[in-house]
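Spelled out from the first residue to the last, the chains are:
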Number of protein chains: 2
Amino acid sequence: MKHLLLIAHGSRRQQSNDEVRDLTQQLTAAAQGHFDQVSCAFLELSAPSIPEGIDSAARQGAHSIIVLPYFLAAGQHVGTEIPKIIASAHQRHPQVTITLLPHLGASKAMPSLLLSIAEDMGYR
Amino acid sequence: MKHLLLIAHGSRRQQSNDEVRDLTQQLTAAAQGHFDQVSCAFLELSAPSIPEGIDSAARQGAHSIIVLPYFLAAGQHVGTEIPKIIASAHQRHPQVTITLLPHLGASKAMPSLLLSIAEDMGYR
């Protein structure tokens, strides 16, 4: 079973966390046929945490967990903290393949997405 | 002249600001034929500021400035601070049309972009 785990920073503002949960719902619909399950987890300030998200996916029978950082910048979180969390999850779940994808901000499709926002509003 | 202004939060970490500048370069290439000029500005911690970015675009002859918030969450910055900055820029440049687009995180194309990141890495 293939599990896509969207990980976000987490915010004191509950609405921001809910935006991530809403996005995860949309992602679940878009991922049908590609991933068996989709969920989200937060680095801090909201639940579930990233270890909890991974443990839960493993408990539900995921053999492969693809972790996608919903972060714009390659800072301390993306470069150091998250890889450490993933390394530690590897040790807890040696039977599961856990793959950390590049963060959102590094996507080569970002310029097109930004232009599409302008286009949708009638500018382009 | 149509100007696309990408606005980001800005970071103490210079590399993060440079990531935004690099993205602006890519956006400039992608926007050819749609926008005459593309630049970036920062809410805080880096230069130019958003008012400086708008003033500079206006000085260079922009008649329309399309402002695109490179933010994931609709927090205080996106919901309150940035609209105030734009309103104040309107007053300084009554001859220029300044349009604030929805923030990146609200894009309906986001789920597809996230899936494309997984796809590019061979997952999907």
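Description of the structure in this document.

Rules and cut-offs
- Residues numbered from 1 in each chain as written.
- Chains lettered and ligands numbered in written order.
- Predicted model: local features only at pLDDT ≥ 70, side-chain atom pairs only at ≥ 80, totals over all residues.
- Heavy atoms only, no water.
- Buried < 20%, exposed > 50% of the residue type's maximum accessible area, 1.4 Å probe, protein only.
- Helix = DSSP H or I, 4+ residues; strand = E, 2+ residues; numbered from the N terminus.
- Pairing = 2+ DSSP bridges.
- Right-handed = clockwise from strand over helix to strand, strands pointing away.
- Salt bridge = Lys/Arg side-chain N within 4 Å of Asp/Glu carboxyl O.

### Remarks on the pairing of strand S1 (residues 2-8) of chain A
Residue and element names in this part refer to chain A.
- For S1, the buried fraction is high: 6 of the 7 residues fall into the buried class.
- The sheet contact formed by S1 and strand S3 (residues 64-69) spans 6 bridges and is parallel. Note on S3: the bridge partner recorded for Lys2 is Ser64.
- Here 6 bridges tie S1 to strand S2 (residues 37-42), and the two strands are oriented parallel to one another. Counted as the bridge partner of His3 is Gln37 from S2.
- Taken together, S1, helix H1 (residues 14-30) and S2 constitute a β-α-β crossover, and its handedness is right-handed.

### Side note on the pattern of salt bridges
- The final tally for this structure, using the stated rule, is 6 salt bridges over all chains.
- Note that Arg21(A) is salt-bridged to Asp18(A), the shortest N-O span being 2.9 Å. Of this pair, Arg21(A) and Asp18(A) both sit in helix H1, separated by 3 residues, roughly a single helical turn.
- A residue is classified by how much of its surface remains accessible, and Arg21(A), at 28% relative accessible area, is partly exposed.
- By relative accessible area, which is 37% here, Asp18(A) ends up partly exposed.
- Among the ionic pairs, Asp55(B) bridges to Arg92(B), the shortest N-O distance being 2.9 Å. Here Asp55(B) is found in helix H2 (residues 50-59), whereas its partner Arg92(B) is found in helix H3 (residues 76-92), with 37 residues between them in sequence.

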